[in-house]
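Structural characterization, general
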Amino acid sequence: MEFFLKHQTVIFRSVGAFMLVLGLVLYFWAAPQKVLSENERAAANLARMEASVSGSSSSKASARQQSNASPISAAMQETQKKQIRMLMIMVMIFGAGFLGYSFLKKENKE
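Predicted, not measured: the structure shown is a model, and the values here were computed from it. (Residues numbered from 1 in each chain as written. Predicted model: local features only at pLDDT ≥ 70, side-chain atom pairs only at ≥ 80, totals over all residues. Heavy atoms only, no water.)

Points about the overall build of the chain
- A count of helices and strands for the chain gives four helices and zero strands.
- Start at the N end of the chain and walk to the C end: the helices and strands fall as α-α-α-α.
- Accessible surface computed for the chain: about 9400 Å², of which carbon and sulfur atoms make up 65%. (Helix = DSSP H or I, 4+ residues; strand = E, 2+ residues; numbered from the N terminus. Areas by Shrake-Rupley, 256 points an atom, 1.4 Å probe, with all protein chains shown as cover.)

Following this line, the structure appears as structure tokens:
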């Protein structure tokens, strides 16, 4: 406990800076990418292979199945994006709070 009280300012500044950097990393990691992700590319390749193997009549059936699963997948991806965005906001707020608190002047109780 004595160590924490002695180095409180350094600890709060370090944690605050780390959380701000983490928030920025999350922001750039979660930024929309213009290229297809590996999962989307693999799903497109799989659909193409299934269509070529089964012929044109069953490819329509697989397209119908994919369209039924698509809203669920899209909703899940949107939920994940919202969760990452909220996590990023919370991390940056806590980081700024730790940094701000570390710069406040404290009265010595001696």
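Back to the text.
Considerations on the packing of aromatic side chains
- Counting across every chain of the model gives three aromatic pairs.
- Geometrically, the ring pair formed by Phe4 and Phe12 is edge-to-face, given 6.1 Å between the ring centres and 70° between the ring planes.
- For Phe12, a relative accessible area of 14% gives the class buried.
- Summarising the aromatic geometry, the rings of Phe12 and Tyr101 are spaced 5.0 Å apart at their centres and angled 80° between planes, so their arrangement reads as edge-to-face. Placement of the pair is Phe12 in helix α2 (residues 8-30) and Tyr101 in helix α4 (residues 56-102), with a sequence separation of 89 residues.
- Put simply, the rings of Phe4, Phe12, Phe98 and Tyr101 pair up and form one aromatic cluster.
- If you follow Arg13 out to its NZ or CZ, it ends over the ring of Phe103, 4.0 Å from the centre. (Phe/Tyr/Trp six-rings, centres within 6.5 Å; stacked < 30°, edge-to-face > 60°. Buried < 20%, exposed > 50% of the residue type's maximum accessible area, 1.4 Å probe, protein only. Lys NZ or Arg CZ within 6 Å of the ring centre and 35° of its normal.)

What to know about the confidence of the model for the chain
- The predicted model of the chain has a mean per-residue pLDDT of 79, with 79% of residues at 70 or higher.
- Mean pLDDT in the chain bottoms out at α4, which sits at 76, and peaks at helix α1 (residues 2-6), which reaches 87. (pLDDT = per-residue confidence, 0-100.)

As for the environment of Ala96
- Within the element layout of this structure, Ala96 appears in helix α4.
- According to the relative accessible area criterion, Ala96 is partly exposed, its value standing at 44%.
- Taking the C-alpha atoms as reference, Ala96 lies 7.9 Å from Ala17; in sequence the two are 79 residues apart.

What to know about a nonpolar patch on the surface
- There is a patch of nonpolar side chains on the surface, built from Met1, Phe4 and Leu5 and spanning about 350 Å² of accessible area.
- When its relative accessible area of 32% is taken as the criterion, Phe4 is described as partly exposed. (Patch = residues over 30% accessible without salt bridge, like charges linked within 9 Å, V, L, I, M, F, W, Y side chains within 5 Å. Salt bridge = Lys/Arg side-chain N within 4 Å of Asp/Glu carboxyl O.)

Topic: the side chain of Gln8
- As for its position among the elements, Gln8 is in helix α2.
- Look at Gln8 and you get buried, because its relative accessible area is 16%.
- If near-sequence neighbours (up to four positions away) are discounted, Gln8 is found in contact with Tyr101 and Lys106. (Contact = heavy atoms within 4.5 Å.)

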